[in-house]
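Each chain, letter by letter, is given below.
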Amino acid sequence: MRISTHSTNFEELVDHIAEHGFCVVNDFLPEATVTALANEAQTLKQAEVMQEAGVGREHLSVLKEIRSDSIYWLNEDATTAAQRDYFEQMENLRLNLNQHLYLGLFGLESHLAVYPEGGFYKKHLDCFASQNPHKPQRKISCIVYLNQDWDMQDGGQLKLYLNETDESDKYKSLLISPLAGRAVIFLSDTFYHEVMPTYKERVSLTGWFLSRPQQ
Ligand code: OGA
Ligand code: MN
């Protein structure tokens with residue numbers, strides 16, 4: 001039997017999201033899982049099975065001037081042990097968010113992302129209100145970072161823009177370093193964000209919870 005010694009305080013997490021719309025958690029996944037996922041990202045990169053972001057299954061014609069990461073979509077039906085740990089934790093998160101915030105989160109799509117040295121992702125939203133309501137919408141973004149030994153001067157922070165709709169607070173933002181095991185969770189249609197230029201290769205695992213499509 002596997003005994004989990006790891007626990008995320010979901011109550012605090014959900015409260016913070018209810019109040020602020022986002023949350024930063026420093027130990028979302030155990031260290032061994034983070035290390036294994038980082039190694040898997042390296043293996044996938046070396047096997048050249050990652051794709052340039054924006055030319056994947058969404059057929060977005062996102063240009064290289066906007067983002068410069070390479071991605072690999074995870075398949076929940078063909079997981080490694082570390083990916084199972086991740087999906088298990090994401091299911092805990094989904095159930096807690098649904099139970100307390102009535103978000104009606106349904107599906108999950110997740111990809112590993114590797115930003116090369118010099119990589120970035122310009123300011124964007126993960127979901128637009130104008131999208132087709134008959135298709136599942138991204139409701140919650142959850143980015144888990146897989147970088148050991150990250151320093152301030154390595155850059156690559158996530159810049160999360162707060163209160164974009166409030167003129168008085170327009171320029172308030174948070175700079176969050178992509179430290180191993182840390183997760184940043186936020187409402188996909190509310191928070192503009194960007195990845196600042198990284199001076200070292202930067203690895204993350206991003207998941208989006210989707211709403212149930214309207215009939
Ligand atoms: C994304 C994204 C941010 C990050 O993949 O949409 O904004 O910190 N990622 O990796
Ligand atoms: Mn994004």
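For the structure given in this document, a descriptive report is provided here. All values reported here derive from a predicted model rather than from experimental measurement. (Residues numbered from 1 in each chain as written. Chains lettered and ligands numbered in written order. Predicted model: local features only at pLDDT ≥ 70, side-chain atom pairs only at ≥ 80, totals over all residues. Heavy atoms only, no water.)

**Side note on the overall build of the protein**
The test is simple: Counting from the N terminus, the helices are DSSP H or I runs at least four residues long and the strands are E runs at least two residues long. For the exposure calls, accessible area comes from a 1.4 Å probe over protein chains only, and a residue counts as buried if that area is under 20% of its type's maximum, exposed if over 50%, partly exposed in between. Contact definition: two residues touch when any of their heavy atoms are within 4.5 Å.
From N to C terminus, the protein includes three helices and eleven strands. Traced from its N-terminal end to its C-terminal end, the protein shows the element sequence α-β-α-β-β-α-β-β-β-β-β-β-β-β. Expressed as a percentage of its 215 residues, the buried residues of the protein come to 47%. The long-range share in the protein, meaning contacts at least 24 apart out of those at least 6 apart in sequence, stands at 79%.

**Observations regarding the site of ligand 1**
Heads up, the rule is: Whether a residue is near a molecule or strand is decided by its heavy atoms; if any one of them lies within 4 Å of it, the residue is near. We define a polar contact as two N or O atoms separated by no more than 3.5 Å, with the added condition that, inside protein, one atom must be a possible hydrogen donor and the other a possible acceptor, whereas residues neighbouring each other in sequence contribute only through side-chain atom pairs. Residue burial considers only the protein chains on display, and all accessible areas are found by Shrake-Rupley using a 1.4 Å probe. Gly falls in the polar group here, along with every residue not listed as nonpolar (Ala, Val, Leu, Ile, Met, Phe, Trp, Tyr, Cys, Pro) or charged (Asp, Glu, Lys, Arg).
Taken together, 13 residues surround ligand 1, and among them His124, Asp126, Tyr145, His193 and Arg202 come closest. Histidine 193 is positioned such that a nitrogen or oxygen atom in its side chain is 2.9 Å from an oxygen atom of ligand 1. Arginine 202 places a polar side-chain atom, nitrogen or oxygen, 2.8 Å from an oxygen atom of ligand 1. Protein contacts shield 98% of the accessible area of ligand 1, which totals 290 Å² for the unbound molecule. Of all elements in the fold, only strand E5 (121–124), strand E6 (138–145), strand E10 (193–195) and strand E11 (202–211) reach the threshold of two or more residues within the shell around ligand 1. In terms of residues, the shell around ligand 1 owes the most to one element, E11, which gives four residues. Broken down by class, the residue content of the shell around ligand 1 amounts to seven nonpolar, four polar and two charged.

**A closer look at the pattern of salt bridges**
Here the idea is simple: oppositely charged side chains can pair when their charged atoms come close. The test is simple: Definition used for salt bridges: Asp or Glu carboxyl oxygen within 4 Å of a side-chain nitrogen of Lys or Arg.
Following the criterion strictly, the structure yields five salt bridges and no others. Taking the shortest distance from any N to any O, the salt bridge between arginine 67 and aspartate 69 comes out at 2.9 Å. Both residues of the pair, arginine 67 and aspartate 69, count as buried. For glutamate 91, the salt bridge goes to arginine 94, with nearest N and O atoms at 2.9 Å. In this pair, glutamate 91 and arginine 94 both sit in helix H3 (residues 81–101), three residues apart, roughly one turn of the helix.

**Notes on unusual backbone geometry**
With a phi close to 55°, glutamate 48 is a non-glycine residue in the positive phi region. Following the sequence through the fold, glutamate 48 ends up in the loop between helix H2 (31–46) and strand E2 (51–52).

**Considerations on the packing of helix H1 (residues 10–20) against H3**
For the record, the criterion: Every axis corresponds to a line fitted to the C-alpha atoms, with the helix fit spanning only the stretch in contact, and the corresponding angles, defined between N-to-C directions, vary from 0 to 180 degrees. For classification, angles of less than 35 degrees are called roughly parallel, those exceeding 145 degrees roughly antiparallel, those between 65 and 115 degrees roughly perpendicular, and all remaining angles oblique. By convention, the crossing between two helices is left-handed when the near helix turns anticlockwise from the far helix through less than a right angle, and right-handed when the turn is clockwise.
Look at H1 against H3: their axes get within 10 Å of each other, and the N-to-C directions meet at 55°. Relative to H3, H1 is oriented oblique. For the element pair H1 and H3, the recorded crossing hand is right-handed. Residue-level inspection shows Phe10, Leu13, Val14, Ile17 and Ala18 of H1 in contact with H3, the latter providing Gln89, Asn92, Leu93, Asn96, Leu97, His100 and Leu101. Class assignment of the residues belonging to the contact of H1 with H3 gives a composition of eight nonpolar, four polar and no charged.

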